[in-house]
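Residue-level structural notes
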There are 4 protein chains.
Amino acid sequence: MIRRKRIFEILERGMPGDTASIVVDYGIIIVIVFNIAAVIISSFNDLPDLLKQGLTIFEYISIAIFTVEYGLRVLTAPYKYPDSRFPYLRYITSFMAVIDLCAILPFYLPFIVGVDLRILRILRLFRLLRILKLNRYNNAVEVIAQVFKGEKEKILTTVFMTGLMLLLASSVMYYIENTAQPDKFPNIIATLWWAVATLTTVGYGDVYPITNIGKVLSGVIAILGIGLVALPAGIISSGFIKAISKEEQAAKEGTPKESSPGTKRVCPHCGKEIE
Amino acid sequence: MIRRKRIFEILERGMPGDTASIVVDYGIIIVIVFNIAAVIISSFNDLPDLLKQGLTIFEYISIAIFTVEYGLRVLTAPYKYPDSRFPYLRYITSFMAVIDLCAILPFYLPFIVGVDLRILRILRLFRLLRILKLNRYNNAVEVIAQVFKGEKEKILTTVFMTGLMLLLASSVMYYIENTAQPDKFPNIIATLWWAVATLTTVGYGDVYPITNIGKVLSGVIAILGIGLVALPAGIISSGFIKAISKEEQAAKEGTPKESSPGTKRVCPHCGKEIE
Amino acid sequence: MIRRKRIFEILERGMPGDTASIVVDYGIIIVIVFNIAAVIISSFNDLPDLLKQGLTIFEYISIAIFTVEYGLRVLTAPYKYPDSRFPYLRYITSFMAVIDLCAILPFYLPFIVGVDLRILRILRLFRLLRILKLNRYNNAVEVIAQVFKGEKEKILTTVFMTGLMLLLASSVMYYIENTAQPDKFPNIIATLWWAVATLTTVGYGDVYPITNIGKVLSGVIAILGIGLVALPAGIISSGFIKAISKEEQAAKEGTPKESSPGTKRVCPHCGKEIE
Amino acid sequence: MIRRKRIFEILERGMPGDTASIVVDYGIIIVIVFNIAAVIISSFNDLPDLLKQGLTIFEYISIAIFTVEYGLRVLTAPYKYPDSRFPYLRYITSFMAVIDLCAILPFYLPFIVGVDLRILRILRLFRLLRILKLNRYNNAVEVIAQVFKGEKEKILTTVFMTGLMLLLASSVMYYIENTAQPDKFPNIIATLWWAVATLTTVGYGDVYPITNIGKVLSGVIAILGIGLVALPAGIISSGFIKAISKEEQAAKEGTPKESSPGTKRVCPHCGKEIE
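What comes next is a walk through the structure. (Residues numbered from 1 in each chain as written. Chains lettered and ligands numbered in written order. Predicted model: local features only at pLDDT ≥ 70, side-chain atom pairs only at ≥ 80, totals over all residues. Heavy atoms only, no water.)

1. A closer look at the interface of chain A and chain B
Taken together, the contact pairs 45 residues of chain A with 43 residues of chain B. Summing the contributions of chain A and of chain B, the shared interface buries around 3,900 Å²; its carbon and sulfur component is 77%. Where chain A touches chain B, the interface holds zero salt bridges. Inspection of the region where chain A meets chain B yields six residue pairs in polar contact (both at pLDDT 80 or more). Of all the secondary-structure elements, those providing two or more residues to the side of chain A that touches chain B are helix 8 (152-177), helix 9 (188-199) and helix 10 (212-252) of chain A. Among the elements that take part in the side of chain A that touches chain B, helix 10 of chain A stands out by supplying 17 residues, more than any other. In terms of residue class, the side of chain A that touches chain B is made up of 27 nonpolar, 14 polar and four charged. (Contact = heavy atoms within 4.5 Å. Buried area = accessible area lost by both parts, 1.4 Å probe. Salt bridge = Lys/Arg side-chain N within 4 Å of Asp/Glu carboxyl O. Polar contact = N/O pair within 3.5 Å; in protein donor to acceptor, adjacent residues only side chain to side chain. Helix = DSSP H or I, 4+ residues; strand = E, 2+ residues; numbered from the N terminus. Nonpolar A, V, L, I, M, F, W, Y, C, P; charged D, E, K, R; others polar.)

Now the structure itself:
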């Protein structure tokens, strides 16, 4: 019988050399990718019956795999959180576990509740996020995530101010355009559609003001929209620069550089290391 | 009888532990949020009579609250500006007080002037800005505001140059497209609508050139529009970086951080506080 | 008789205290602003005859003013370029002088050539650029101009690469969409209109691909368009930061800070200077 | 007989003073530019027969020139890669050589394969990229390329996350809008067209949601699109600033500049060059 600790090791990202673990990693990724393909293919009309059946069978198989994986991950939770008093609870409430559950639950719900919630199937796509956990782009994802985390307050404030601006613009625009175009600006909430399209400079062209004052307001909002792009760009820029200067300072102070894997350069002639 | 100073303390942002002050803070915020909801709901057609009556009553109540609040704030102005010779005047002409007055005045105006200026009601939304003064995102708002203040000249210049570009582009485009599309480019002012939609890259699609020269000009303006996004992005980026490096330098030199609220600057000669 | 040197001083930006010079400065600015207003008003249809006549008279007056100004500026060129061997030639070929000439020439041309080049009138708007030379925003304009000058090579390269991308995208798109929409993608040059609208993310909506391959290409171009915004934003950001760090270094090395006007802070209590 | 080494020198970018080499450089550039013009002109309908014949003759000539150039470059490969054991293979598989081959192959293919692959002709436009190798803007191109190379991981991650976001948004939107607009949102792949147009804020206006939930999602995606512009802007900004600070540090430490071409790195142990 395989020990629980070994199962845990296999499920975690594979160390180089641990073939079983790496095989499981890539196996799950492949199942995820095929699942996404299946969701996309299912959205087409007039699929041949054979393909439909194939997709259904593939769904049964992948749900089985994901269910087993979820079960094993819950089972090995104590190894993941060795210091936690309630490791099972902690794992089940973790972000990735909730996503995993969301990806399999929609399949079982019809049997339990008795209704088919087709829309829940799209939650399966959240599985795709796991690809981000892979080795390759890991470092860059981490840096980007840290920058966003470091600038969280400023970004949230920007989002909040954006929401405020949208609400203000919609309210004013509703009073301006409502009488001229009652079908396109019927109330403040509906006017938000115009406000978003203008502030983000998408401009689909289905809703736009026709009165002169409305056009002036629309122009002002569009120009503010440019500031809205500039603000997060500035915040994120400074975040990245902060991250770089931190790294540099760490390097100066004699702390070993956060090593990217395989950094050591070797002279091709004599085989010795070069910085 | 409660002393004026206590009223002032309660109205100001609550210190931790000062329950009355915190309750008043959140109470006013809740009234503001509900007011905004009321404005939004009022914009819908075919509301049931009961809801309409409820909204009217809620309006009376909230106007009463805001009027009392405004009155008390004016009354306690001497505590807010202890060094000012005309504290009442200074408070009444302050930005927040003007907004507060704008939010309640539209209700009283019909009684005074005799006409119902419905459009003035939207000014009530300005109250929302006060939420920005709350504790939570305060620091981020301050940093953003300081960056904008520090780069004020550059931003104003950018806005001015944008206006200039819009005017120039509109004038040229008017001469180009007027004969081809006299209804869409009737004069230079109306052509500004095209210029704004193009320079900000909104592109609703209701107005665009059809002549070849017009298309070339439109393309040039659209590409300049990209520079227009890049310019404030660069300005704001450098502003944030300046703010960070200042902070770092202050930290290095052992000087107490400047930006944290509550740190008062003191004149090195006479020892008194300076704003 | 007023000496030439005095005329030169008056025409140049006025020093504080030199009333005549300042009056002339503002006088010319006012004439420029009214000229712009006149151009805008002239673009409207169905103007009353009286207004039309007024505009014509105003045109005569302002042309007279601008002609005299131009003549005096040419006359005083030796004071502007005291070290130049050909000061007159140097002034006449300078950027501002060419603009000045362009603004008055269209008026005289019909008398000389015998044809009315109405379109040349819009050149008068170039006069507006002179406002940039005014005192107020001068410093910010200078910083922005220096950043653009410092990053000239990179910006030109970006513009060049953008042009290349537009040409490539148009060529490919022409081959893809020509058979499906021969009226909207008739040749490579006409397809540039689509390319510009997509790359700059304006998206008027008058021209877009309908074939699948065309949509894929359009999507790729739109995403590259985002990079196109990011590139100049990055270039300009780093330019501003370079400018700041230069200033700081200059400050460190003991060079006096480039003084912004009125920088010295004074304690309001004791009147002594504070940094 | 001209020696092979001299031919190599002539084909490489001309040193100042080497007239033959410079003439060949500019000659090839002119042929490239005319080729591009020919491609553009050919795309127009109803060309006069004489022009068509001229274009065909020009095509024969330029193909001959490019074929000879390609042959000579292959022939002189040993001088380009003196240390390589397979210089011919290395040259033929190099990026520029593949582009060169792509530019001439479409002409010979009909003779070999027997079919006319007209679409391959557009590959000729890739020749334009060579202009980037010219002297003038070389330095700026190099800096930009280095910044992109240095931030490769982050940029790829951003592209990957963008793709993910597009797929997720399309999947969700398909379920939301499919029943309301089955012709515009027929399946997830077709819905990507909407997702790209919204996330990049192009907004052609041919496809947009009409349901309320769809509009909310569209607004969220458009706002995320702003973040999507801000992220690469921040990455590229920090990349440029990194490049500047490296240069400055190199200047301070007295180390010879690293980035200028021709500075060779030497292994500190054996003294041989390392690429």
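2. Quick word on the relation of the copies chain A and chain B
In the superposition of chain A on chain B (RMSD 0.2 Å, axial shift 0.0 Å), the rotation amounts to 90°. Both copies are brought into coincidence by an operation consistent with a four-fold rotation axis. (Least-squares fit on C-alpha atoms with pLDDT ≥ 70 in both.)

3. Side note on the pattern of salt bridges
In the structure shown here, the tally under the stated rule is 16 salt bridges over all chains. As a salt-bridge pair, B:E69 and B:R73 come within 2.9 Å of each other at their nearest N and O atoms. Taken as a pair, B:E69 and B:R73 lie in helix 3 (residues 49-75) at a separation of four residues, close to a single helical turn. With respect to class, B:E69 is no different from B:R73; both count as buried. Residues D:E151 and D:K242 are paired through a salt bridge, measuring 2.9 Å at the closest nitrogen-oxygen approach. One end of the pair, D:E151, is in the loop between helix 7 (138-150) and helix 8 (152-177); the other, D:K242, is in helix 10 (residues 212-253), with 91 residues separating them in the sequence. Through salt bridges with shared partners, a single ionic network connects A:E151, A:K154 and A:K242. (Buried < 20%, exposed > 50% of the residue type's maximum accessible area, 1.4 Å probe, protein only.)

4. Things to note about a nonpolar patch on the surface
Residues and elements named next belong to chain D. Where nonpolar side chains cluster on the molecular surface, the patch consists of I22, Y26, I30 and F34 and spans about 410 Å² of accessible area. Relative to the helices and strands, Y26 is located in helix 2 (residues 19-42). Residue Y26 is classed as exposed on the basis of its relative accessible area, which comes to 52%. (Patch = residues over 30% accessible without salt bridge, like charges linked within 9 Å, V, L, I, M, F, W, Y side chains within 5 Å. Areas by Shrake-Rupley, 256 points an atom, 1.4 Å probe, with all protein chains shown as cover.)

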